Amino acid sequence: MERQENTCAICLNSTDTGGRQALFTAECSHTFHFQCITSNVAHGNLVCPLCKAQWKELPFGTPHNPIPSPRGTQIRAPFFPGHEPLVFNDDDPVDSSPQTQLEDMPQQIPTTGTMELKTYTEYPAVAKSLSKDDFGIVIHLKAPGTASEITDSARAPLDLVTVLDVSGSMAGAKLNLLKQAMNFVIQNLGPADRLSIISFSSRARRLNRLTRMSNEGMQQALDAVNSLTAGGGTNIAEGLKKGAKVLEERQYKNPVNSIILLSDGQDTYTVFSHSSQGSGSNYDCLLPPSILHPSGRPIPIHTFGFGSDHDSLAMHRIAEASGGTFSFIEDASCIQDAFAQCIGGLLSVVAQETHITLESANRGVKISGIKSGSYESCVENGGLNGSIDVGDLYADEQRSFLFFVNVPRSGMEGTTKLIKVNMTYRDAATASAVELGEQEVSIERPETVENNQICIEVEREKVRIQATENMVAARAAAERGEMRDAVEILESWQRTMETSEAARVGDPSCGMLQQEIKEMGRRMSSRECYAKSGRAYALAGISAHSRQRATTRSSISSVEPDLRVLGSSGPSDSHSSGYGAEGKELPSFRSLAPSAPSAPSLNYQTPAMRIMLQKSQSSWLEPSRRDKLP
């Protein structure tokens, strides 16, 4: 009797399992259950059981297409995912030694100095006879920087969970590029970092426990990645539930923890509809309760929407609700670069639980509002107190926050004290609490004021906030199908911005925002363009500006570093964006030219991110990898 087409030739059971079992399709096009074929290969059978064709690619690392071996070790056996325990408390102990060997720690980021905090008032002086409502003040902070040379100081180790979509739409080149990207991530984690990999399609599966990236741990992770096969539906909620479970039930904890989620599709099991406004409220059911309502420090989920068919509204909401960022990967070959930039930040966290407090220094001075983007802030006691929760900061990362006060009249000339500012944080590497000395913000109160010039730092922040608010408004109009209104909102902001003091003095942030807004408007020019890439492009921009943290959108090019990450502007010409003047897709390309220096304004990319991104891009220079590009 002839073998049925959808039957595994090893166990003779059906391969139509609805995604419940992983499948392996050989280069001869015959398909087997993954567990069956790996067991067969483990016994030395290196030919197809049906046609006897000699295989060049096996369901794990092979001499023909090997996975990079960690630190000189060799792949010796196929990967068999173990049975999942009911409770994920089987994680590796964290490294308790004071210093791990530096030569075994890729991307070690020692830090120097303490947090910097500066304040700027909208004007240096207000006439004593005048009162002023909504007087702007900017708080600017910068995290400790990276040391120029490796020292004995160690960075804070990371607990990372990657939740990876392996549904049927990920088959082929997409899955291969995802594997390469994960191999890069694994190779750049240190021995004190721990990694767990979750794959999901119709169901989710933990491929490896939260494992320290020692030689053995790296090998297990590499084997787990190479075992990935695509098939089935898309169950994002189940993948996140299992990913959160890894971190919730772990016995030990590293100081830094995060989840990376990548998907190229829409959840076909949990979300059935969404509001026309795209508010994201219907997507909360994708998030585990421990993420949506954390009892302790939140676990940020950095989401990556892959291709034109992913649900950018869902991915943005997941990131927003958890304190993470949303990135849009338009070009499949840029997955690794996007992951590299993300882990470059995660591997350089220097400050945690960063918190800013504001206190009125004058009974007549009241705080009227705080513009803090996605960061939680509040005004209390009738405007006498305020606060901003900033959370984690990467090395060299900067934040600016604009708030407003009401300045009363003064009965005498001199100085009027407005606000007392204080900031506390916890050093991520040492866990020690740090409190900066209190700073007082004041202005002069002369009889009259002449040539009173607005502070460019305050004006720049106002322009950035207004740009972000107009992006949000334009996206809301586009969601309603009002494409002309969406474009007009963006163009109107551009006209207004051109009259600002920041634009008049040639502040570079204005030009970058203009390019970004122009590209966003082009992608909102029609419903088709918006559905294909405009929505994801806008949401990635909003995510970056609201958190003041670099995200990826569109293609990443090393030629234009300020245009490849947000909040920097989008591509200013049709070729760099991947689209022509008529909105038709153009062939994508990867530039291998050295990176140009970054502009200082509105580029949220940190040095550690840039180093890791350059490392990723330089790996594409290797002939063996360049020749394998799909």
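Residues numbered from 1 in each chain as written. Predicted model: local features only at pLDDT ≥ 70, side-chain atom pairs only at ≥ 80, totals over all residues. Heavy atoms only, no water.

A. View of helix H9 (residues 483–497). Helix length check: H9, at 15 residues, gives a terminal C-alpha distance of 21 Å against a target of 21 Å (1.5 Å per residue), a fit within 8%. What H9 keeps buried is the set Met483, Ala486, Val487, Leu490, Trp493, Gln494 and Met497. Down the axis of H9, the buried side of the element spans an arc of 125°, and every buried residue falls inside it. Contacts made by the buried residues of H9 are with helix H8 (456–479), helix H10 (501–504), helix H11 (508–522) and helix H12 (527–547). (Helix = DSSP H or I, 4+ residues; strand = E, 2+ residues; numbered from the N terminus. Expected span 1.5 Å × (residues − 1). Buried < 20%, exposed > 50% of the residue type's maximum accessible area, 1.4 Å probe, protein only. Arc of directions from axis to C-beta. Contact = heavy atoms within 4.5 Å.)

B. Main features of the pairing of strand S11 (residues 256–263). Counting buried positions along S11 yields eight of eight residues, so the element is predominantly enclosed. On S11, burial covers both faces: Val256, Ser258, Ile260 and Leu262 on one face and Asn257, Ile259, Leu261 and Ser263 on the other are all buried. Where strand S7 (residues 158–165) lies against S11, seven bridges are found, and the strand directions are parallel. Following the sheet pairing, Asp159 is matched in S11 by Asn257. Examined bridge by bridge, S11 and strand S12 (residues 301–306) share five bridges and lie parallel to one another. Among the inter-strand pairings, Ser263 is bridged to a residue of S12, identified as Gly305. (Pairing = 2+ DSSP bridges.)

C. Structural view of the sheet that holds strand S4 (residues 116–121). Read from one edge of the open sheet, four strands run S4-S5-S18-S15, paired in antiparallel fashion. Only two strands of the sheet have a single partner each, and these edge strands are S4 and strand S15 (366–371). Ignoring which end each strand starts from, the neighbouring axes of this sheet average 25° apart. Strands S4, strand S5 (132–142), S15 and strand S18 (398–407) of the sheet are contacted by H8, whose axis makes an angle of about 100° with S18. (Axes fitted to C-alpha atoms, helices over the stretch in contact; angles between N-to-C directions.)

D. Highlighting the packing of helix H6 (residues 312–322) against H12. For the pair H6 and H12, the least separation of the axes is 9 Å and the interaxial angle reads 10°. Classified by the angle their axes make, H6 and H12 are roughly parallel. Between H6 and H12, the contacting residues are Ser312, Leu313 and His316 on the first element and Arg535, Ala536, Leu539, Ile542 and Ser543 on the second. In the contact of H6 with H12, the residues fall into four nonpolar, three polar and one charged. (Parallel < 35°, antiparallel > 145°, perpendicular 65-115°, else oblique. Nonpolar A, V, L, I, M, F, W, Y, C, P; charged D, E, K, R; others polar.)

E. A look at the environment of Gly541. The topology assignment puts Gly541 in helix H12. On the basis of relative accessible area, Gly541 is assigned to the buried category, the value being 0%.

F. Unusual backbone geometry, seen in detail. The backbone of Asp134 sits at a positive phi, close to 50°, despite the residue not being glycine. Mapping Asp134 onto the fold places it in strand S5. Take Asp134: its relative accessible area is 44%, and that puts it in the partly exposed class. Non-glycine residue Ala431 carries a positive phi angle of around 65°. By the secondary structure assignment, Ala431 is in the loop between strand S19 (414–427) and strand S20 (433–435).

G. View of the nonpolar core. Leu240, Ile259, Leu261, Ile301, Ile318, Phe326 and Met524 are the most contacted members of the largest nonpolar core, which totals 53 residues. Looking at this core element by element, the count peaks at seven residues for H12. Ignoring any residue separated from it by four or fewer positions in sequence, one finds Leu261 in contact with Val163, Phe200, Ile236, Leu240, Ile301, His302, Thr303, Phe304, Met315 and Ile318. Counting 49 residues, the second-largest nonpolar core is a separate cluster that includes Leu189, Met213, Ile343 and Val349. (Core = buried A, V, L, I, M, F, W, Y, C linked by side-chain atoms within 4.5 Å.)

H. Looking closely at H6. Counting buried positions along H6 gives nine out of eleven residues, so the element sits mostly inside the fold. Residues of H6 that are buried: Ser312, Leu313, Ala314, Met315, His316, Arg317, Ile318, Ala319 and Ser322. With a side-chain oxygen lying 3.3 Å from the backbone nitrogen of Leu313, the N-terminal cap of H6 falls on Asp311. Following H6 by one or two positions, Gly323 adopts a phi angle in the positive range, close to 85°. (Polar contact = N/O pair within 3.5 Å; in protein donor to acceptor, adjacent residues only side chain to side chain.)

I. Region of the structure containing the pairing of strand S13 (residues 326–329). Burial along S13 is two-sided: the face carrying Phe326 and Phe328 and the face carrying Ser327 and Ile329 are both buried. As paired strands, S12 and S13 are joined by four bridges and run parallel to one another. Note that in S13 the partner of Phe304 across the bridge is Ser327. One crossover worth recording links S12 to the parallel S13 by way of H6, and it is right-handed. (Right-handed = clockwise from strand over helix to strand, strands pointing away.)

J. Highlighting the packing of H8 against H11. Where H8 contacts H11, the two axes come as close as 11 Å, and the packing angle between them is 5°. With respect to their mutual orientation, H8 and H11 come out roughly parallel. Contacts between H8 and H11 involve Arg460, Val463, Arg464, Ala467 and Met471 on the former and, on the latter, Ser509, Cys510, Leu513, Glu516, Ile517 and Met520. Residues belonging to the contact of H8 with H11 are distributed by class as follows: seven nonpolar, one polar and three charged.

K. Structural context of the pattern of salt bridges. Evaluation of the coordinates by the stated rule reveals 29 salt bridges. A salt bridge links Glu330 to Arg523; its shortest N-O distance comes to 3.3 Å. Of this pair, Glu330 sits in the loop between S13 and helix H7 (335–346) while Arg523 sits in the loop between H11 and H12, and the two are 193 residues apart along the sequence. Judged by its relative accessible area of 17%, Glu330 is buried. Among the ionic pairs, Glu488 bridges to Arg495, the shortest N-O distance being 2.8 Å. Looking at Glu488, the relative accessible area reads 37%, which means it is partly exposed. The exposure class of Arg495 is partly exposed, given its relative accessible area of 45%. Three or more residues are tied together by salt bridges with common partners; here these are Asp91, Asp159, Arg194 and Arg250. (Salt bridge = Lys/Arg side-chain N within 4 Å of Asp/Glu carboxyl O.)

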